[in-house]
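Spelled out from the first residue to the last, the chains are:
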Amino acid sequence: MSAPHPTTLKPYSARIELHANPTARRILEIMDRKKTNLAVSVDVTTTAEALEVVRRVGASVCMVKTHCDIIEDFTLDFANELVKLSKQLDFVIFEDRKFADIGNTVSLQYSAGHHRIASWSDLTNAHSVPGPGIIAGLSSVGLPLGRGLLLLAEMSSKGSLAVGSYTEQTMKMARGAGRDFVIGFIAQNRVDTNSGEGEDWLIMSPGVGLVSIGDKLGQQYRTPREVVYDSGADIIIVGRGIYGIQGGEQAVKDEAERYRTEGWKAYEERLGRK
Ligand code: 5BU
């Protein structure tokens, strides 16, 4: 086993001061306050269902992840309600938009259109494939609003091409852009190797499940312990494992707590490696 990445030995609370970006600071503050490294992905197709899931899991999470383009009756009133809940229940909103175009286009996709993502989402993400112009375009909209951006350095799906030198180049692109807007990565591993003193990135991993090992469409799951302890990620992202559980309102709530407990236990265990 190689030595643990130094960032994984620091408590979330000690990493707040290493970030100037307000969204990154808020995420770490919430994680520390609520003792949770759980993000729930609310991949349902109506606003009523989405708000219902958020009300059930809100107390257990540091973040709610959305795909606003799958919600058939999306309105800005819904987005406002989500923002209200994010304040009441203390979590950050992450629209998993995966932008992937030239800077000018993504700045419009982020600020305008039906969804006006930048107006309600604290955090979003982008592919690195178009080059650094994508960061500049998104930053021109998001930075003045205090928003944050993650780059997709790796994916959880089988056969992903985001590996090896693609992942390394993505990391370099983030470093080149600076940490005022890019706050971390969607990745399966601690991709921020050779970080300098005070250089802190948030690593968030989807593809997390306690029961299933995958689905029929290429998704691959690992347990919270594998993600947080073995691979050193900071946040676990869980979708169907929580909102898809059978048994009604209480079952979803209980399952969120179960993932929160598992994720937090793995984090405390990794701190004990010191
Ligand atoms: P699941 O139901 O836990 O499999 O949902 C995972 C969510 O994370 C879903 O919204 C995906 O779009 C998202 N995701 C992912 O699964 N893998 C990735 O590499 C990235 C996002 Br990036």
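Because the structure is predicted, anything quoted here is derived from the model rather than measured.

Calculation notes
- Residue numbers here run from 1 along each chain, matching the order of that chain's written sequence.
- For a predicted model such as this one, the threshold for reporting local features is a pLDDT of at least 70, and the threshold for listing and counting side-chain atom pairs is 80 or more; totals across whole chains, interfaces and linings nevertheless cover every residue.
- As a rule here, side-chain values cover all heavy atoms of the structure and leave hydrogens and water aside.
- UniProt positions are given in the numbering used here, feature names are shortened, and annotations may be inferred rather than shown by experiment.
- Helix numbers and strand numbers start at the N terminus; a helix is a DSSP run of H or I with at least 4 residues, a strand a run of E with at least 2.
- Whenever Lys or Arg places a side-chain nitrogen within 4 Å of a carboxyl oxygen from Asp or Glu, that contact is recorded as a salt bridge.
- The rule is simple: take the accessible area with a 1.4 Å probe, protein chains only, and divide by the maximum for that residue type; under 20% is buried, over 50% is exposed, in between is partly exposed.
- For our purposes a nonpolar core is just a set of buried Ala, Val, Leu, Ile, Met, Phe, Trp, Tyr and Cys residues, chained together by side-chain atoms within 4.5 Å.
- Only heavy atoms enter the contact rule, under which two residues are in contact if any of them lie within 4.5 Å.
- Strands pair, by our definition, only if DSSP identifies at least two bridges between them.
- Note on method: axes are straight lines fitted to C-alpha atoms, helices fitted across the in-contact stretch only, with angles between N-to-C directions ranging 0 to 180 degrees.
- Neighbouring residues are identified by heavy atoms, a residue being near a molecule or strand if any of them is within 4 Å of it.
- We call two N or O atoms a polar contact when they sit within 3.5 Å, provided that within protein one can donate a hydrogen and the other can accept it, with sequence-adjacent residues counted only if both atoms are side-chain atoms.
- We get accessible surface area from the Shrake-Rupley algorithm with a probe of 1.4 Å; when it comes to residues, only the shown protein chains can shield them.
- Side-chain classes follow a simple rule in which Ala, Val, Leu, Ile, Met, Phe, Trp, Tyr, Cys and Pro form the nonpolar group, Asp, Glu, Lys and Arg form the charged group, and the remainder, Gly included, forms the polar group.
- Only a pair of cysteine sulfur atoms within 2.5 Å counts as a disulfide in this structure description.
- Side-chain rings of Phe, Tyr and Trp, where Trp is taken by its six-membered ring, are said to pair if the distance between their centres is within 6.5 Å; with planes under 30 degrees apart they count as stacked, over 60 as edge-to-face, and otherwise as tilted.
- Think of it as a cone above the ring: NZ of Lys or CZ of Arg counts as a charge over the ring if it is within 6 Å of the ring centre and within 35 degrees of the ring normal.

1. Let's talk about the UniProt feature "domain: Orotidine 5'-phosphate decarboxylase" (unreviewed entry) in the protein chain
Right, so step 1: Mapped onto the present numbering, the UniProt feature "domain: Orotidine 5'-phosphate decarboxylase" (unreviewed entry) falls on residues 37-255.
Right, so step 2: End-to-end, the C-alpha atoms of residues 37-255 are 14 Å apart, and along that stretch the chain is 35% helix and 17% strand.

2. Structural notes on the pattern of salt bridges
Right, so step 1: One pass over the structure, following the stated rule, counts 20 salt bridges.
Right, so step 2: Here Lys84 and Glu81 are joined by a salt bridge, their closest N and O atoms 3.6 Å apart. Here Lys84 pairs with Glu81, and both are found in helix 4 (residues 76-89), just 3 residues apart, close to one helical turn.
Right, so step 3: The class of Lys84 is partly exposed, set by a relative accessible area of 45%.

3. With respect to the nonpolar core
Right, so step 1: Counting residues in each nonpolar core, the largest one holds 82 residues, and the members touching the most others are Ile27, Met63, Phe185 and Met204.
Right, so step 2: The dominant element in this core, judged by the number of residues it contributes, is helix 10 (residues 248-271), at 7 residues.
Right, so step 3: In this structure, Phe185 is in contact with Leu150, Leu151, Ala153, Thr170, Met171, Ala174, Val191, Trp201, Leu202, Ile203 and Met204, ignoring residues within four places of it in sequence.

4. Quick look at the sheet that holds strand 3 (residues 92-99)
To summarise the sheet geometry, strands pair through backbone hydrogen bonds and adopt either a parallel or an antiparallel arrangement.
Right, so step 1: Taken in spatial order, the 8 strands close into a barrel running 1-2-3-4-5-6-7-8, and their pairing is parallel. In this sheet, adjacent strand axes meet at a mean angle of 30° when their direction is disregarded.
Right, so step 2: Relative to strand 5 (residues 148-152), strand 4 (residues 123-126) runs parallel, the two sharing 4 bridges. Looking across to strand 5, one finds that Leu123 is bridged to Gly148.

5. Quick notes on the site of the ligand
Right, so step 1: Near the ligand there are 16 residues, and of these Asp43, Ser156, Gln219, Tyr221 and Arg240 occur at the shortest range.
Right, so step 2: Residue Ser156 places a side-chain N or O atom 2.7 Å away from a nitrogen atom belonging to the ligand.
Right, so step 3: A distance of 2.9 Å separates an oxygen atom of the ligand from a polar backbone atom of Gly239.
Right, so step 4: For the ligand, whose unbound accessible area comes to 500 Å², protein coverage reaches 90%.
Right, so step 5: Across the shell around the ligand, the residue classes break down as 6 nonpolar, 5 polar and 5 charged.

6. Looking at the state of the cysteines
Right, so step 1: Applying the stated criterion across every chain yields a total of 0 disulfides.
Right, so step 2: Cysteine Cys62 is unpaired, with the sulfur of Cys68 as its nearest cysteine sulfur at 20 Å.
Right, so step 3: The class for Cys68 is buried, based on a relative accessible area of 2%.

7. Digging into the environment of Gly263
Right, so step 1: In this structure, Gly263 sits in helix 10.
Right, so step 2: Judged by relative accessible area, Gly263 falls into the buried class, the value being 0%.
Right, so step 3: Put simply, Gly263 and Arg225 are 38 residues apart on the chain and 6.5 Å apart in space, counted from C-alpha to C-alpha.
Right, so step 4: Look past the residues within four positions of Gly263 in its chain and what remains in contact with it is Asn37, Pro224, Val228 and Ile236.

8. Structural notes on the side chain of Thr47
Right, so step 1: Residue position: Thr47 is located in helix 3 (residues 47-57).
Right, so step 2: Overall, Thr47 belongs to the buried group, its relative accessible area being 12%.
Right, so step 3: Within polar-contact distance, the side chain of Thr47 engages the side chain of Asp73 at 2.8 Å.
Right, so step 4: With residues up to four places along the chain from it excluded, the contact list for Thr47 reads Ile71, Asp73, Phe74 and Phe78.

9. What about the packing of aromatic side chains?
Right, so step 1: Taken as a whole, this structure holds 7 aromatic pairs when the rule is applied.
Right, so step 2: Taken together, a centroid distance of 5.8 Å and an interplanar angle of 75° make the contact between Phe74 and Phe78 edge-to-face.
Right, so step 3: The exposure class of Phe78 is buried, given its relative accessible area of 6%.
Right, so step 4: Among the aromatic side chains, those forming a connected cluster through ring pairs are Tyr12, Trp264 and Tyr267.
Right, so step 5: When the ring centre of Tyr229 is taken as reference, the NZ or CZ atom of Arg225 above it lies at 4.4 Å.
Right, so step 6: The lysine or arginine in question, Arg273, covers the ring of Tyr229, its NZ or CZ lying 3.9 Å from the ring centre.

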